[in-house]
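Residues per chain are reported as follows:
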Amino acid sequence: MSFEFEPVNRRSLSSQIADQLQEAILDGTLKADDRLPTEDELSRRYQVSRPTIREALKRLAAKNLVRSKRGPTGGTFVTKPSVDQLSDSLTSAATMMVSLKEVDLDEINQARRELESTCCRLAASQRQESHLAIMAEELSLQQNDSIAAEAFCASDVRFHRAIADASGNRMLSFVMYAVIEALQPVANMIAYRFREREVIVDQHRRLLEALQTQNADRACDILHEQIDYLAARHRDAQNWRAGKGD
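For every chain, the first residue of the written sequence is number 1, and numbering continues from 1 along that sequence. Given that the model is predicted, a residue must reach a pLDDT of at least 70 before its local features are reported, and side-chain atom pairs must reach 80 or more before they are shown or counted; all residues, however, enter totals for whole chains, interfaces and linings. Side-chain metrics in this entry use all non-hydrogen atoms of the structure; hydrogen atoms and water are not considered.

Peer 1: What's the story with the pairing of strand β2 (residues 75-78) in this structure? I'm lost.
Peer 2: Remember that side chains alternate between the two faces of the sheet whenever the strand is regular. Note on pairing: DSSP must find at least two bridges between two strands before they are called paired. Strands are runs of DSSP state E lasting at least 2 residues, helices are runs of H or I lasting at least 4, and numbering of each runs from the N terminus. Of the pairings in the sheet, the one linking strand β1 (residues 66-69) to β2 comprises four bridges and is antiparallel in character. If you follow V66 over to β2, its bridge partner there is V78. Remark: five residues form the turn of the hairpin made by β1 and β2, two consecutive strands paired antiparallel; G71 in that turn has positive phi of roughly 105 degrees.

Peer 1: Looking at this structure, I do not really get the confidence of the model for the protein. What am I missing?
Peer 2: A low pLDDT score tells you not to read the predicted coordinates there in detail. On average, residues of the protein score 85 in pLDDT, and 82% of them reach the 70 mark or higher. In predicted models, pLDDT denotes the confidence assigned by the predictor to each residue on a 0 to 100 scale. For the protein, the element scoring lowest by mean pLDDT is helix α4 (residues 83-99), at 65; helix α6 (residues 129-142) scores highest, at 97.

Peer 1: What am I meant to see in the nonpolar core here?
Peer 2: Nonpolar side chains in soluble globular proteins tend to end up buried together. C120, M135, I163, M176, L207 and L211 are the most contacted members of the largest nonpolar core, which has 33 residues in total. The set of elements that each furnish at least two residues to this core consists of α5 (105-126), α6, α7 (149-166), α8 (170-191), α9 (197-212) and α10 (216-244). Here this core gets eight residues from one element, more than from any other, and that element is α10. When neighbours within four sequence positions are excluded, I163 is seen to be in contact with E116, C119, C120, A123, M135, L207 and L211. Counting residues in each nonpolar core, the second largest holds 18 residues, with L42, Y46, I53 and L57 among its members. Take the buried residues of types Ala, Val, Leu, Ile, Met, Phe, Trp, Tyr and Cys, join any two whose side-chain atoms come within 4.5 Å, and each joined set is a nonpolar core. Accessible area is worked out with a 1.4 Å probe on protein chains only. A residue is then buried under 20% of its type maximum, exposed over 50%, and partly exposed in between. Only heavy atoms enter the contact rule, under which two residues are in contact if any of them lie within 4.5 Å.

Peer 1: Any chance you could explain the environment of V179 here in plain terms?
Peer 2: One can find V179 in helix α8. V179 sits in the buried class, given a relative accessible area of 6%. Considered as a pair, V179 and L115 are 64 residues apart in the sequence and their alpha carbons are 8.7 Å apart.

Peer 1: I would appreciate a short explanation of the environment of A56 in the present structure.
Peer 2: In this structure, A56 sits in helix α3 (residues 50-62). C-alpha of A56 to C-alpha of D19: the two residues are 37 residues apart in sequence and 8.5 Å apart in space. If we skip the residues at most four places from it in the chain, A56 touches S14, I17 and A18.

Peer 1: Got a minute to help me understand the packing of aromatic side chains in this structure?
Peer 2: One pair of aromatic rings is described through two measures. These are the centre distance and the angle between the planes. Here is the rule: rings of Phe, Tyr and Trp (six-membered ring for Trp) pair when centre to centre is within 6.5 Å. Planes less than 30 degrees apart are stacked, more than 60 are edge-to-face, and the remainder are tilted. Scanning the entire structure with this criterion turns up zero aromatic pairs. The criterion for a charge sitting over a ring is simple: Lys NZ or Arg CZ within 6 Å of the ring centre, and within 35 degrees of the ring normal. The side chain of R233 reaches across the aromatic face of Y229, ending 4.8 Å from its centre.

Peer 1: Would you mind going over the layout of surface pockets with me for this structure?
Peer 2: The probe, sized like a water molecule, is rolled over the atoms to show the empty space still left. With a 1 Å grid spanning the protein atoms alone, the term cavity applies to any set of points in which a 1.4 Å probe fits but cannot get out, the term pocket to an open set with protein on both sides within 12 Å along at least five of seven lines, and the term lining residue to any residue with an atom within 4 Å of a point. Grid points are joined across faces, edges and corners, and a volume is the space filled by probe spheres set on the points. The calculated volume of the second largest pocket comes to roughly 250 Å³. In terms of lining, the second largest pocket is formed by 16 residues, of which the most central are E39, L57, S68, G75 and T76. Counting residues per element, the ones that place at least two in the lining of the second largest pocket are α2 (39-46), α3, β1 and β2. Here the lining of the second largest pocket takes five residues from α3, the largest share from any one element. Any residue that is not Ala, Val, Leu, Ile, Met, Phe, Trp, Tyr, Cys, Pro, Asp, Glu, Lys or Arg is counted as polar, Gly included; the first ten are nonpolar and the last four charged. Considering only residue class, the lining of the second largest pocket consists of five nonpolar, four polar and seven charged.

Peer 1: What exactly am I supposed to notice about the pattern of salt bridges here?
Peer 2: Where side chains of opposite charge bring their charged atoms close, a pairing between them can arise. For salt bridges, the criterion is a side-chain nitrogen of Lys or Arg within 4 Å of an Asp or Glu carboxyl oxygen. Tallying each qualifying case throughout the model produces 16 salt bridges. Across the pair R50 and E39 runs a salt bridge, and its minimum N-O distance is 3.1 Å. A residue pair is termed long-range when its members are at least 10 positions apart, and R50 in helix α3 and E39 in helix α2 qualify at 11 residues. Using a relative accessible area of 21% as the deciding quantity, one classes E39 as partly exposed. Residues participating in the shared-partner salt-bridge network are D202, R205, R206, E209 and E225.

This is the structure in structure tokens:
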């Protein structure tokens, strides 16, 4: 392992050290499962205290970039983040953007329309029976009138997640995590008072049939129908809240 330890200034030392180590991990200088020098060695090389090094390592651990292992063969090792971990980070960031009102529902719907249309077109030709089976299972669950609103929304998310996975494009599927798993639930819970489950279920049924028959245009048309329907329900919800003085 060859890695240059650059001098740091006295402002926010732990942050600077963490940034240097993170850059080395991201550019491949430090590779997955590489063992970092000990805290003592790092403190000598950076000429800082051990608590400063410990804080820098905590920053990296919080980002799932390093992990600690105890015992004779222990130490701090570089972690290769999983897709799920990275997706969770992306989803958390997107959720925060919605909470802080950095994006609105119109932008969410626009993002869904553009990105998920691409997923539908790819899924029509790339989908596997396993993807169709997941959608069929979720559709069956959604047809159960006794499930709670939260369970219905969760099933809706899984249904659309299966479409993204069926695209066969891992990068597109990864990006869709933010739209489907962070933004869609927010939109769903706003509109749930006004949307009719049977409408969503019928749209999902027809969407599944379009993907089964590999009809990409039909799948996109049904997706757009659903997004337009939910956008109208969002407006209903906003008008209702405005009428209550919220």
